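Here is what each chain is made of, one letter per residue.
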Amino acid sequence: MPIRLVKCGDIPDNSAGSLAKHTAQEKEETMRLEDTKLIVTGAAQGLGRHYAYRLAEAGGQVTAADVNEAGLASLAEEAKGLRGKIHPRKLNVADEADI
């Protein structure tokens, strides 16, 4: 499976300002993530949570990593029924032994 780098700016969100800078074709190409495996750190809250959800919504298989297990569990529950899936994993990226 080829590796694909997905940058935060490539993931349109629902705000009018962000969507306005993407053409319809760019949005369609960006959001084709079926069978793509992704890792999002800091996924239990804030921007990490937002991007993990949006990537799963686009069909990605997202490993959502964070030390906050409750936040990961609620993200996985919230993402049920999306095209992709959230795979929660407790992980402290600051701890080399945990990686």
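Residues numbered from 1 in each chain as written. Predicted model: local features only at pLDDT ≥ 70, side-chain atom pairs only at ≥ 80, totals over all residues. Heavy atoms only, no water.

## Notes on the nonpolar core
Ranked by size, the top nonpolar core spans 17 residues in total, and within it Ala43, Ala52, Val62 and Ile86 carry the most contacts. Counting residues per element, the ones that place at least two in this core are strand S1 (37-41), helix H3 (46-57), strand S2 (61-66) and helix H4 (69-78). In this structure alanine 52 touches Val40, Ala43, Val62, Leu75 and Ile86, once residues within four positions along its chain are discounted. (Core = buried A, V, L, I, M, F, W, Y, C linked by side-chain atoms within 4.5 Å. Buried < 20%, exposed > 50% of the residue type's maximum accessible area, 1.4 Å probe, protein only. Helix = DSSP H or I, 4+ residues; strand = E, 2+ residues; numbered from the N terminus. Contact = heavy atoms within 4.5 Å.)

## Some words on the sheet that holds S2
An order of S1-S2-S3 is seen for the three strands of this open sheet, with the pairing classed as parallel. The open sheet has two free edges, formed respectively by S1 and strand S3 (85-90), since each of these has just one partner strand. For this sheet, the mean angle separating the axes of adjacent strands, direction not counted, is 25°. For S2 and S3, the ladder comprises six bridges, and the chain directions are parallel. (Pairing = 2+ DSSP bridges. Axes fitted to C-alpha atoms, helices over the stretch in contact; angles between N-to-C directions.)

## Details of the environment of aspartate 35
Mapping aspartate 35 onto the fold places it in the loop between helix H2 (24-30) and S1. Note on aspartate 35: relative accessible area 62%, which makes it exposed. When the C-alpha positions of aspartate 35 and glycine 59 are compared, they lie 7.3 Å apart, and in sequence the two are 24 residues distant.

Fair warning: the whole summary comes from geometry, so function is off the table for now.
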